[in-house]
Amino acid sequence: MSSSHRPDRSFDAVPALDGELCFDQAALEAAAGDFGRLVHRLPAAVLRPGSAEDVAAMVRYCRERGLKVAARGQGHSTHGQAQVADGLVIDLGTLNSIEIDGTTAAVQGGALWSALVKATLPLDLTPPAFTDYLELSIGGTLSAGGLGGQIGHYGTQAANVLELQVVTGEGELATCSPTLRPDLFRAALGGLGQCALITRATIPLVPAPRSVRFYSLTCPSVAALSAQQAALVGEGRFDYLIGEVVSPSPGAWTYVMEAAAYDATAADDARLIGDLEHTSVEVRDVPYFDFLNRIAPSMEQLKTIGEWQRPHPWYDSLLPASSVDAVVTETLANLKPDAIGLSAVILLYPIPTAKCTTPLPVMPDEELAYLFSLLKTASPGADSAESMVAANRSQYDATVEAGGRWYPIGSVPLTRADWEHHFGAFWEEFSAARHRYDPDGILTPGQRIF
Ligand SMILES: Cc1cc2nc3c(=O)[nH]c(=O)nc-3n(C[C@H](O)[C@H](O)[C@H](O)COP(=O)(O)OP(=O)(O)OC[C@H]3O[C@@H](n4cnc5c(N)ncnc54)[C@H](O)[C@@H]3O)c2cc1C
């Protein structure tokens, strides 16, 4: 073990570690913020674990001393979810091994989705479900749920896990699956790091297509987009299906359906889009990896123009199909450009809830739900980050009123009562698991649930 300058007596007598415990200002500062740039909390130390045993040993160590612990993947949360003041941040980036055995991959929690798919593609295999950005950690998205355009076929990323290795809040290194300690498995997947930290996930692999035919169709209204998406996701016509609301000019909105068919060589345009309502269409064939990774160039562009470095008060909701048109229409009617910033993205796509086979993330109580996301940036001249967060709170209230839930990765100040409502019927099981597996309540305080 090595450790940089240790200013704080509370970290005396640490156990022998395979990795490194860091106290230098650069390491602490790097763990004190996130992509949201709204919350700053300086930890007392950062662990770069060399093994899952390191994670377990330091969780036990912190528990004995009453210190809080937060795992950090890539820090792409937006409201301090991976942060802890005066406690220990475990930067899982050093636990990133990937082992492929037949049609499964055993992946450590800090590995990135981009690394996993780069490792599986030479074997003509792929994980079934992705997020739209691949530079997120396996443990980070599995703790949130992991939503993307393959959800119509495979559900969330959390629904595509065979087994987990976790470290509980007692510092126990445990293995769980749907049949082995299922209560721990259910509380860890989508569990926002409240009961256990994910050190390894076993993920099933499916045959990978070589190429993808990608369609971008413009629909005339919210209702046309959502109805078409509902029909298509119901029949499983496309392998990938999302939607975006874009603003060609202030106050105007355009509704774009993005759909992909695997493999491009087998795609039949007449069958796939011949009967679809649209005002314009773009069609292109792309290699599978480029398709999965297609938002990466835009993210680099955001870094170049400085938008990536600005505050991101994101809001993501899960709306029941019965209220989606009304909520989206009302929201867009009142949405000024300054309320979302220069590089905002608005997502709208369907989720068949039965495909999401884990209790978390919580879905609305209907067969079909929609992700409706307002991914805001507090750009220069736009509303302040604080007022965007306040607007998120109002939007959250409207979501709940409409029978929806939030997808808990964004920036909404919630009370304990809000959280209880959010977890709904699962609250009792979830809070029992928290008390069982993290009896001293040391894990992941940045979520502000317990
Ligand atoms: C550009 C961009 C695009 C995105 N696109 C999507 C998308 O398409 N779909 C989607 O679902 N989400 C998307 N997200 C959100 C993203 O999935 C979540 O914010 C996710 O939690 C980030 O992963 P991370 O590795 O950065 O986690 P972090 O931000 O580091 O951590 C998130 C939370 O999980 C906890 N945590 C981290 N690792 C672990 C672990 N191993 N075990 C237990 N708890 C852990 C942290 O303590 C924290 O509470 C996007 C985010 C960004 C910035």
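Everything below is about the structure printed above this text.
What counts, and at which threshold
Residues numbered from 1 in each chain as written. Predicted model: local features only at pLDDT ≥ 70, side-chain atom pairs only at ≥ 80, totals over all residues. Heavy atoms only, no water. Helix = DSSP H or I, 4+ residues; strand = E, 2+ residues; numbered from the N terminus. Rg over C-alpha atoms; globule rule 2.2 N^0.38 Å. Buried < 20%, exposed > 50% of the residue type's maximum accessible area, 1.4 Å probe, protein only. Contact = heavy atoms within 4.5 Å. Areas by Shrake-Rupley, 256 points an atom, 1.4 Å probe, with all protein chains shown as cover. Pairing = 2+ DSSP bridges. 1 Å grid on protein atoms, 1.4 Å probe; cavity = no way out; pocket = protein on both sides within 12 Å on 5 of 7 lines; lining within 4 Å. Points joined across faces, edges and corners; volume = space filled by probe spheres on them. Nonpolar A, V, L, I, M, F, W, Y, C, P; charged D, E, K, R; others polar. Domains from an automatic or database assignment. Salt bridge = Lys/Arg side-chain N within 4 Å of Asp/Glu carboxyl O. Polar contact = N/O pair within 3.5 Å; in protein donor to acceptor, adjacent residues only side chain to side chain.

Caption draft 1: How the structure looks around the overall build of the protein. Scanning the protein from N- to C-terminus turns up 14 helices and 20 strands. For 450 residues, the compact-globule formula gives about 22 Å, and the C-alpha radius of gyration of the protein, at 22 Å, lands near that figure. With the principal axes as the frame, the protein shows a C-alpha extent of 70 × 50 × 45 Å. A total of 450 residues make up the protein; the buried ones form 58% of that total. When contacts within the protein are restricted to residue pairs at least 6 apart in sequence, those whose partners lie at least 24 apart make up 71%. Carbon and sulfur atoms make up 51% of the accessible area of the protein, which totals about 17,200 Å².

Caption draft 2: Quick peek at the sheet that holds strand β17 (residues 315–320). In space, the eight strands of this open sheet follow the order β16-β13-β15-β14-β18-β19-β17-β20, with antiparallel pairing throughout. Lying at the two open borders of the sheet, with one neighbouring strand each, are β16 (280–287) and β20 (405–406). Judged from the two bridges that link them, strand β14 (residues 240–246) and strand β18 (residues 345–352) form a sheet pairing that is antiparallel. For V245, the partnering residue across the bridge sits in β18 and is I346.

Caption draft 3: Spatial organisation of empty space enclosed by the protein. Following the criterion strictly, the structure yields four cavities of 30 Å³ or more and no others. Computed from the structure, the largest cavity encloses a volume of approximately 90 Å³. Along the wall of the largest cavity there are 13 residues; nearest its centre are G152, H153, V233, F238 and L241. Of all the secondary-structure elements, those providing two or more residues to the lining of the largest cavity are α5 (151–154), α7 (222–235) and β14. Take the lining of the largest cavity: its biggest share by element is three residues, from α5. Broken down by class, the residue content of the lining of the largest cavity amounts to seven nonpolar, four polar and two charged. Approximately 40 Å³ is the volume attributed to the second largest cavity. If you go around the second largest cavity, the residues you meet are F130, T131, D132, L134, G149, Q150, Y240, L292 and R294. Taken domain by domain, the lining of the second largest cavity gets at least three of its residues from each of domain 2 (98–207) and domain 3 (211–412).

Caption draft 4: Structural view of the pattern of salt bridges. Summed over the entire model, instances satisfying the criterion amount to 18 salt bridges. Salt-bridge contacts for E172 lead to R181; the nearest nitrogen and oxygen are separated by 2.7 Å. As a salt-bridge pair, R436 and D183 come within 2.5 Å of each other at their nearest N and O atoms. A residue pair is termed long-range when its members are at least 10 positions apart, and R436 in helix α14 (residues 427–437) and D183 in helix α6 (residues 182–188) qualify at 253 residues.

Caption draft 5: Highlighting the environment of C176. You can see C176 is positioned in strand β10 (residues 173–176). The buried category is assigned to C176, whose relative accessible area is 0%. Taking the C-alpha atoms as reference, C176 lies 5.8 Å from E163; in sequence the two are 13 residues apart. For C176, the contacting residues outside a window of four places in its chain are E163, L164, V166, R181, L184 and F185.

Caption draft 6: Region of the structure containing the side chain of S343. With respect to the element layout, S343 can be found in the loop between α11 (321–333) and β18. On the basis of relative accessibility, which here comes to 19%, the residue S343 falls in the buried class. A polar side-chain atom of S343 sits 3.3 Å from a polar atom in the side chain of T377. Each residue touching S343, except ones within four places of it in the same chain, is listed here: L302, E307, T377 and S379.

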